[in-house]
Amino acid sequence: MQIVLIVIGSLVGAFIILNIYARLKMKKTPMVDDHKNILILTEKNFQQQTKNKVVIVDFWAAWCAPCRMMAPILNEVSGELTGNSAVGKINIEEQRSLAEKFKVRSIPTLIVFKNGKELKRYVGVKQKDFILKEMKSFAI
């Protein structure tokens, strides 16, 4: 019985150490510059920038490690989108009114807008292939 407790204790300890390591590594994820095609959206330009196109908008914050993980993915997506499709970003710390308007409760949240109207939303980190596939299904 004592050996079983030692094994279980060791496994729990290893799990805790790996969890702490993973969290520290995520926090050190560097910020990357936005791709030139990414639309930086504000309350003032939101309607105009999302008019007559399909835009997947990333609601993010600088302190959010998963958001920093999404940045390079969105840069790649932005470089591959064609036609009336685009990637936009809204910093929820700077544009709180937009985050409230669209009821963003957790980040990263990706919302697909077509002509300024919400079509679909995704919460959490998503892969490039998933985003591109979804954007193709909403293309004008």
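As a reminder, the structure under discussion sits directly above these lines.
A brief look at the structure comes next. (Residues numbered from 1 in each chain as written. Predicted model: local features only at pLDDT ≥ 70, side-chain atom pairs only at ≥ 80, totals over all residues. Heavy atoms only, no water.)

1. Structural notes on the packing of aromatic side chains
Filter applied, for reference: For Phe, Tyr and Trp, rings pair up if their centres lie within 6.5 Å, where Trp contributes its six-membered ring, and each pair is then called stacked (planes under 30 degrees apart), edge-to-face (over 60) or tilted (otherwise). The helix count covers DSSP runs of H or I at least four residues long, the strand count covers runs of E at least two residues long, and both are numbered beginning at the N terminus. Summary of the burial criterion: residues with accessible area below 20% of their type's maximum are buried, those above 50% are exposed, and those between are partly exposed, where the area comes from a 1.4 Å probe applied to protein chains only.
Evaluated as defined, the whole model comprises five aromatic pairs. A ring pair is formed by Phe102 and Phe113, whose centres lie 4.9 Å apart and whose planes are at 70°; its orientation type is edge-to-face. Separated by eleven residues along the polypeptide, Phe102 in the loop between helix H4 (96-101) and strand E4 (109-114) and Phe113 in strand E4 bring together distant segments of the chain. In this structure Phe113 comes out as buried when scored by relative accessible area, which is 0%.

2. Topic: the pattern of salt bridges
To keep things clear, this is the line we draw: Salt bridge, as applied in this entry: a Lys or Arg side-chain nitrogen positioned within 4 Å of an Asp or Glu carboxyl oxygen.
The full count for this structure, using the stated rule, is five salt bridges. For the salt bridge of Lys89 with Asp34, the shortest nitrogen-to-oxygen distance reads 2.9 Å. With Lys89 in strand E3 (residues 85-91) and Asp34 in the loop between helix H1 (2-27) and strand E1 (39-40), this pair connects stretches of sequence that are 55 residues apart. We classify Lys89 as buried; its relative accessible area is 5%. One salt bridge in this structure joins Arg121 and Glu118, with 3.0 Å as the shortest N-O distance. According to the relative accessible area criterion, Glu118 is partly exposed, its value standing at 37%. Each of Glu76, Glu80 and Lys128 takes part in a single network of salt bridges with overlapping partners.

3. Description of the sheet that holds E3
Quick note on the threshold: Strands are labelled as partners when DSSP assigns at least two bridges between them. Contact between two residues is taken to exist if any of their heavy atoms lie within 4.5 Å; hydrogens are not considered. For helices, the axis comes from a line fit to the C-alpha atoms of the stretch in contact; other axes are also lines fit to C-alpha atoms, and the angle between any two N-to-C directions lies between 0 and 180 degrees.
In space, the five strands of this open sheet follow the order E1-E3-E2-E4-E5, with mixed pairing throughout. The open sheet has two free edges, formed respectively by E1 and strand E5 (117-123), since each of these has just one partner strand. Here six bridges tie strand E2 (residues 54-60) to E4, and the two strands are oriented antiparallel to one another. By the bridge assignment for E4, Asp58 is matched with Leu110. Strands in contact with helix H3 (residues 65-80) are E2, E3 and E4; relative to E3, the strand with the most contacts, it is inclined by about 155°. Here helix H5 (residues 128-138) sits on the sheet and contacts E2, E3, E4 and E5; the angle it forms with E5, its principal contact strand, is near 165°.

4. Side note on the state of the cysteines
The test is simple: Cysteine sulfurs are considered disulfide-paired once they come within 2.5 Å of each other.
Throughout the structure, instances matching the rule amount to one disulfide. For Cys64, the disulfide goes to Cys67, at an S-S distance of 2.5 Å. Measuring the twist about the S-S bond at about 75°, one finds the Cys64-Cys67 disulfide to be right-handed. Per residue, the accessibility class of Cys64 equals that of Cys67, and both read buried.

5. Looking at unusual backbone geometry
The step from Ile107 to Pro108 runs through a cis peptide bond, and the omega angle for that step is 0°. Topologically, Pro108 is positioned in the loop between H4 and E4. For Lys103, which is not glycine, the phi dihedral falls at a positive 55°. Inspection of the secondary structure assignment puts Lys103 in the loop between H4 and E4.

6. Brief notes about a nonpolar patch on the surface
This is how it is decided: Residues enter patches when they are more than 30% accessible in relative terms and free of salt bridges; like-charged ones are connected within 9 Å and nonpolar ones (Val, Leu, Ile, Met, Phe, Trp, Tyr) within 5 Å. All accessible-area figures derive from a Shrake-Rupley calculation using a 1.4 Å probe, and residue coverage is judged against the displayed protein chains alone.
A cluster of nonpolar residues, Val4, Ile8, Val12, Phe15, Ile16 and Ile20, forms a patch on the protein surface that exposes about 560 Å² of accessible area. Mapped onto the elements of the fold, Ile8 is located in helix H1.

7. A look at the pairing of E2
To be explicit about the condition: With the strands pointing away from the viewer, any crossover whose connection runs clockwise from the first strand over the helix to the second is right-handed.
Of all seven residues in E2, seven are buried; the element is thus mostly enclosed. Pairing of E2 with E3 involves seven bridges; the strand directions are parallel. Residue pairing for E3: Ile56 is matched across the bridge by Val87. After leaving E2, the chain enters H3 and then returns to the sheet as E3, a path that is right-handed.

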